[in-house]
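What follows is each chain in one-letter form.
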Amino acid sequence: MKKKQNTKAKENPNLSQPQIPQTKKNASSIHKMKRFEKILENPDQENAGTVVVSANCSLIVAPLKNKQKTKAKAIQEYAIAESLPQELITKIFQRSATKIILRFLAVSKKWMYELTSANFIYTHLSTSPNAILTRYLLRDRNYYLQK
Amino acid sequence: MASSSSSSKTGLKKMLTLKSSDGDEFELEESIVIQCQTIKHMVEDGFSLIPLQNVDTKTLTKIIEYMKKHAEKTESNKEEIKNFNKEFVKGSFDDQFELVSAANYLHINGLMDLLCQSIADRINNKSVRAVREIFNISNDYTPDEEEKVRDEHKWAHEGGEFDESLD
C-alpha cells in the first residue's frame, strides 16, 4: 500500500495541476491538494498512507484520467479492509469459544475494548452459555480500564 | 411437469430488478428476493427497481446464487443445500468480508449466520499475528503491554502451534 502511494506522489505534481481550471471556486481545493502532495512527498510521516487515500477520492484522483482505474481499485481495496465494521467483527466473535476470544484480546487495544465490553459479554453469554468468559472478562476490563 | 407448472405461474409472479453499485441489473422473482429483509421492506413500499449502492456486481451475483438455492429449500434436499453452503464459504477472507458486509446490509439472516460461523471457524486456530493481517488491524500495544495481556491469559495462548497462514 505504502509503496504505491510513493509512486503516486511523484506523478501527481506533473499530471494533475495543468488540468485544474484556475477558477476561484477551485482555489481552496488546489490549496488543499498541495498540502496533501506535501504529505505524499514526505514518506517519513507515519500517517501518510491513510491521509492520502481518504483525500484521494475528491482531491487527487479526480483530475487524473489515465491512472484513475488503478487508483480507484487501490482505494476500493483499502475501503474494504478498513470498512469491516466493529459491529461485524463482534458478530463473528460471538460464535467463538471463550479461549479463542481471550487469545485475540492480544490483537489490539480496540479489540480488547470491544471484546470485553459488557454488551459483547452478555450477547456471547446468551449465544453460548459459558460463565467463564463473563468472569474472566469483567475482571480484566476493570483491570485494563483503570490504567 | 415441473416446467409446465412453473410457466403457468409466471403470469402471476412479480418480478423485481436489483441494481448493483456497478450499474448491472438482475431480474428476479419476488419470492426469491423476499429472503432479504431490506428488500422485502422496499417491496412492501411499492418499489420494483431496487438500487443497492453498497453491493457490487461480484458480491451481488454470489448473494443471488445463495438466495436462489435457498428459495428451493425443501425437506428432501437438505443434504444438497448443506453441500452448497460448504462450497459457498470457500472463498478468500476478503471475499467473505465483502459478502458478510453485504449480507448485513441486506439483512439476510441465514447468510449472516452461515458466513459469521464459517469465518469464526476459519480463524479459530490462527495466530494473533495472522488475525491482525486478515482483519487489517494495526497492533497498538507496546511490546510490554502485549506481553502483559498474553501473560494474563496464558492458558489461551497454549495448546500447540497456531496457524500463521493468511488464507
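Just above, that's the structure.
Only a predicted model underlies this, so the values are computations on that prediction, with no experimental measurement involved.

Rules behind the numbers
Residues numbered from 1 in each chain as written. Chains lettered and ligands numbered in written order. Predicted model: local features only at pLDDT ≥ 70, side-chain atom pairs only at ≥ 80, totals over all residues. Heavy atoms only, no water. Salt bridge = Lys/Arg side-chain N within 4 Å of Asp/Glu carboxyl O. Helix = DSSP H or I, 4+ residues; strand = E, 2+ residues; numbered from the N terminus. Buried < 20%, exposed > 50% of the residue type's maximum accessible area, 1.4 Å probe, protein only. Expected span 1.5 Å × (residues − 1). Contact = heavy atoms within 4.5 Å. Phe/Tyr/Trp six-rings, centres within 6.5 Å; stacked < 30°, edge-to-face > 60°. Lys NZ or Arg CZ within 6 Å of the ring centre and 35° of its normal.

A.B. asks: So what about the pattern of salt bridges? Which residues, and what values?
C.D. replies: All names here are of chain B. The final tally for this structure, using the stated rule, is 13 salt bridges over all chains. The shortest N-O distance in the salt bridge between Lys126 and Asp163 comes to 3.1 Å. Residue Lys126 is found in the loop between α7 (109-123) and α8 (128-135), and its partner Asp163 is found in the segment after α10 (154-157); the two are separated by 37 residues along the sequence. On the basis of relative accessibility, which here comes to 1%, the residue Lys126 falls in the buried class. Close ionic contact of Arg129 with Glu164 constitutes a salt bridge, the shortest N to O distance being 3.9 Å.

A.B. asks: Run through helix α6 (residues 93-106) of chain B, naming residues and quoting values.
C.D. replies: Counted at 1.5 Å a residue, the expected span for α6 of chain B with its 14 residues is 20 Å, and the 20 Å between its end C-alpha atoms agrees. For α6 of chain B, the complete set of buried residues consists of Phe93, Gln96, Phe97, Leu99, Val100, Ala102, Ala103, Asn104 and Leu106 of chain B. Buried positions along α6 of chain B lie against α5 (86-93) of chain A together with α3 (37-44), α4 (57-71), α5 (78-88), α7 and α8 of chain B.

A.B. asks: With reference to specific residues and values, describe the packing of aromatic side chains.
C.D. replies: Aromatic ring pairs: the centre-centre distance and the angle between the two ring planes describe each pair. The final tally for this structure, using the stated rule, is eight aromatic pairs over all chains. Between Tyr66 of chain B and Phe88 of chain B the ring centres are 5.5 Å apart and the planes differ by 55°, which places this aromatic pair in the tilted class. Of this pair, Tyr66 of chain B sits in helix α4 while Phe88 of chain B sits in helix α5, and the two are 22 residues apart along the sequence. The two residues Tyr66 of chain B and Phe88 of chain B agree in class, both being buried. Just above the ring of Phe162 of chain B sits the side chain of Arg103 of chain A; from NZ or CZ to the centre is 3.7 Å. The ring of Phe88 of chain B has Lys62 of chain B lying over it, and the distance from NZ or CZ to the ring centre is 4.5 Å.

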